[in-house]
Amino acid sequence: MDVAISLQNEYALEAVAQSVNAQFAALGLTPQMFVNKRICIKPNLLLKRTPEEATTTHPVVVRAVVQTLLSYGVTKENLVIADSPGGLYTPSHLKGIYAASGLQQVSEETGVALNMDTGYQTVQNPKGIVAKEFSIINPVAQADMVISVAKFKSHCMTGLSGGVKNLFGCVPGLLKPELHSRFPKPELFCRMLVDLCELVRPAVTVVDAITAMEGDGPSGGTPKQTGMILSATNPYALDVILAQIMHTDPMGILTIQNSVQRGLCALKDVQCVFPGGGRLLVYEDFKLPKSKGVDFTGNVPKFLKRPVGYLFGSFLSPRPVVQKEKCIGCGKCKESCPQHTIAIQNHKAYIHKNNCIRCYCCHEMCPVRAISIKRSRLFDI
């Protein structure tokens, strides 16, 4: 399970394209695998943000993948760039995100189409463990091959947004909150993500880790220079390496844990290869989300586990909090809430805490970072 890594400190197109090309070769990917295939390139386009904000996949990395495929002989007519960002899945919403993220320019310069088809299909997933079917956006459902081009970020619910989490954008628009509602606990939600990954099965995953996001990602954190591009045919193995870069235990990332339990990834078999030389960069100071869980019940007597667990879940678990002075009352948080527990009152968001399932969708979708994660001070003792 090789993960190809190239050290890359800046978004210089030719250098990034050379790295992607070298990584594909190191992974044994040949032009014949891609020619005459309908290929969907799936970036991370979470919000209407500029590349410098490190929320979305940088357009230079997407263009480098496009350039590599065109050099292989893939025709631009067989390529489409597609994602279903957070919020509404409409042409006008997509146009705004394509423009802000820099992908509109990529399309204009390469001739590769940006997806404007907002339809979706129900696809059966008989091998799924918790999700036996998914609604999948048309460009992914109709593709012969999906190439995932993810952004390396921390994530308040899953811990890590990388190879596996990027595929959640294959689910259309406001059907994402439905999945949060069906799978409210992180363990269940991450099992669902692995089911989705097994359904989509990207041929290769490329991760933009030149500038990552640390802290309360995937949208409320801060940019961090990590100076790498990574590729792998096994997205779980790739996430193992991303966890190591974050200086966190890979088995603490629930999608990785579940992939290991299912036999989809073996930690001992994950190896780094460096086509251009170098070494793995590990950041001991990488800031993890405030929502990163801590289990207080491990050493508690059995008869106290349930009440202590309830106390933790109800009162100590990190929760989203509206910063009234920043809130603009746009309603994006209300729109994305799977439990419908958010109201707009006097042009400000209000979270009814009793129904909150701590999915952090509101924090993720707030365009002005007005929803923070409040963590009990006990975590800092």
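For the structure, see preceding data.
Along each chain, residue indices are assigned from 1 in the same order as the chain's sequence is written. A pLDDT threshold of at least 70 governs which residues receive local features in this predicted model, and a stricter bar of 80 or more applies before side-chain atom pairs are shown or counted, although totals over entire chains, interfaces and linings include all residues. Working from all heavy atoms in the structure, the side-chain values ignore hydrogens and water.

S.K.: Even after reading the chapter, I still don't get the overall build of the protein, so can you show me in this structure?
M.R.: Only DSSP runs of H or I reaching four residues or more are called helices, and only runs of E reaching two or more are called strands; each is numbered from the N terminus. Looking only at helices and strands, the protein features 12 helices and 15 strands. Compactness check: the protein gives a C-alpha radius of gyration of 20 Å against a globular reference of 21 Å for 381 residues, within 12% of the reference. When burial is assessed residue by residue, the protein has 54% of its 381 residues classed as buried. As displayed, the protein has an accessible area near 16200 Å², and 52% of this comes from carbon and sulfur atoms. Our radius of gyration is a C-alpha quantity, and the globule rule it is checked against amounts to 2.2 Å times the number of residues to the power 0.38. Exposed residues in this analysis have more than 50% of their type's maximum accessible area, buried residues have under 20%, and partly exposed residues fall in between, with area computed by a 1.4 Å probe over protein chains only. Exposure was quantified through the Shrake-Rupley algorithm and a 1.4 Å probe, taking into account, for residues, occlusion by the shown protein chains and nothing else.

S.K.: How do you make sense of empty space enclosed by the protein when you look at a structure like this?
M.R.: Empty space among the atoms can be located by rolling a probe the size of a water molecule over them. Only protein atoms enter the 1 Å grid used here, on which a cavity is any set of points holding a 1.4 Å probe that cannot leave and a pocket is any open set flanked by protein within 12 Å on both sides along at least five of seven lines; residues with an atom within 4 Å of a point are listed as lining. Grid points are joined across faces, edges and corners, and a volume is the space filled by probe spheres set on the points. Tallying each qualifying case throughout the model produces 4 cavities of 30 Å³ or more. Of the voids in this model, the largest cavity is the one considered here, and its volume is about 260 Å³. Taken together, 26 residues make up the lining of the largest cavity; nearest its centre are Leu46, Lys165, Phe168, Lys176 and Glu364. For the lining of the largest cavity, the elements supplying multiple residues, two or more each, are strand E7 (145-155), helix H6 (175-182) and helix H12 (361-365). Class assignment of the residues belonging to the lining of the largest cavity gives a composition of 9 nonpolar, 11 polar and 6 charged. Gly falls in the polar group here, along with every residue not listed as nonpolar (Ala, Val, Leu, Ile, Met, Phe, Trp, Tyr, Cys, Pro) or charged (Asp, Glu, Lys, Arg).

S.K.: I would appreciate a short explanation of unusual backbone geometry in the present structure.
M.R.: Excluding glycine, a negative phi dihedral is what most residues carry, and trans is how most peptide bonds are arranged. Between glycine 217 and proline 218 the backbone carries a cis peptide bond, its omega angle lying at 15 degrees. Positionally, proline 218 belongs in the loop between strand E9 (204-214) and strand E10 (222-232). Of note, the phi angle at asparagine 36 is positive, near 65 degrees, even though the residue is not glycine. For asparagine 36, the location among the structural elements is in the loop between helix H1 (13-26) and strand E2 (39-43). A relative accessible area of 68% places asparagine 36 in the exposed class. A positive phi angle, close to 60 degrees, is found at alanine 54, a residue other than glycine. Mapped onto the elements, alanine 54 comes out in the loop between E2 and helix H2 (59-71). Using a relative accessible area of 0% as the deciding quantity, one classes alanine 54 as buried.

S.K.: Can you walk me through helix H9 (residues 254-261) in this structure?
M.R.: Note: α-helices contain 3.6 residues per turn, so residues at a spacing of three or four share the same orientation. Buried residues of H9: Thr255, Ile256, Asn258 and Ser259, and no others. End-on, the buried residues of H9 take up no more than an arc of 165 degrees, which puts them together on one face. In this fold, the buried residues of H9 make contact with helix H7 (186-200) and helix H8 (235-245). Looking at the residues trailing H9, positive phi occurs at glycine 263, about 80 degrees. The reported arc concerns the directions from the helix axis to the C-beta atoms and nothing else. Contact definition: two residues touch when any of their heavy atoms are within 4.5 Å.

S.K.: It is not clear to me how the packing of H7 against H9 should be interpreted in this structure. Could you clarify?
M.R.: When two helices pack together, you describe them by how their axes are tilted relative to each other and by the distance separating the axes. In this analysis an axis means a line fitted to C-alpha atoms, helices contributing only their contacting stretch, and an angle means the value between N-to-C directions, from 0 to 180 degrees. Packing of H7 against H9 brings their axes to within 9 Å, and their N-to-C directions diverge by 60 degrees. As H7 runs across H9, the sense of the crossing is right-handed. Between H7 and H9, the contacting residues are Pro186, Glu187, Cys190, Arg191, Leu193 and Val194 on the first element and Leu254, Thr255 and Asn258 on the second. Across the contact of H7 with H9, the residue classes tally to 5 nonpolar, 2 polar and 2 charged. By convention, the crossing between two helices is left-handed when the near helix turns anticlockwise from the far helix through less than a right angle, and right-handed when the turn is clockwise.

S.K.: I would appreciate a short explanation of the pattern of salt bridges in the present structure.
M.R.: Side-chain pairs of opposite charge can arise whenever the charged atoms involved come near each other. Salt bridges, as used here, are contacts in which a Lys or Arg side-chain nitrogen is within 4 Å of a carboxyl oxygen on Asp or Glu. Tallied over the entire structure, the rule returns 10 salt bridges. Here glutamate 198 ties to arginine 201 by a salt bridge, and the two come within 2.9 Å at their closest N and O atoms. Classification of arginine 201 as exposed rests on a relative accessible area of 55%. With a shortest N-O distance of 3.3 Å, lysine 268 and aspartate 269 are connected by a salt bridge. Look at aspartate 269 and you get partly exposed, because its relative accessible area is 32%.

S.K.: So what exactly am I meant to see when it comes to the pairing of E7 here?
M.R.: Looking along a regular strand, one sees the side chains alternate between the two faces of the sheet. In terms of burial, E7 is a largely internal element, 11 of the 11 residues being buried. Every second residue of E7 is oriented toward a common face, with Met145, Ile147, Val149, Lys151, Lys153 and His155 on one face and Val146, Ser148, Ala150, Phe152 and Ser154 on the other, all of them buried. With 5 bridges connecting them, E2 and E7 associate as parallel partners. Across the sheet, proline 43 pairs through a bridge with valine 149, a residue of E7. For two strands to pair, DSSP has to find at least two bridges joining them. For E7 and E9, the ladder comprises 6 bridges, and the chain directions are parallel.

Honestly, it's all geometry; don't read function into it.
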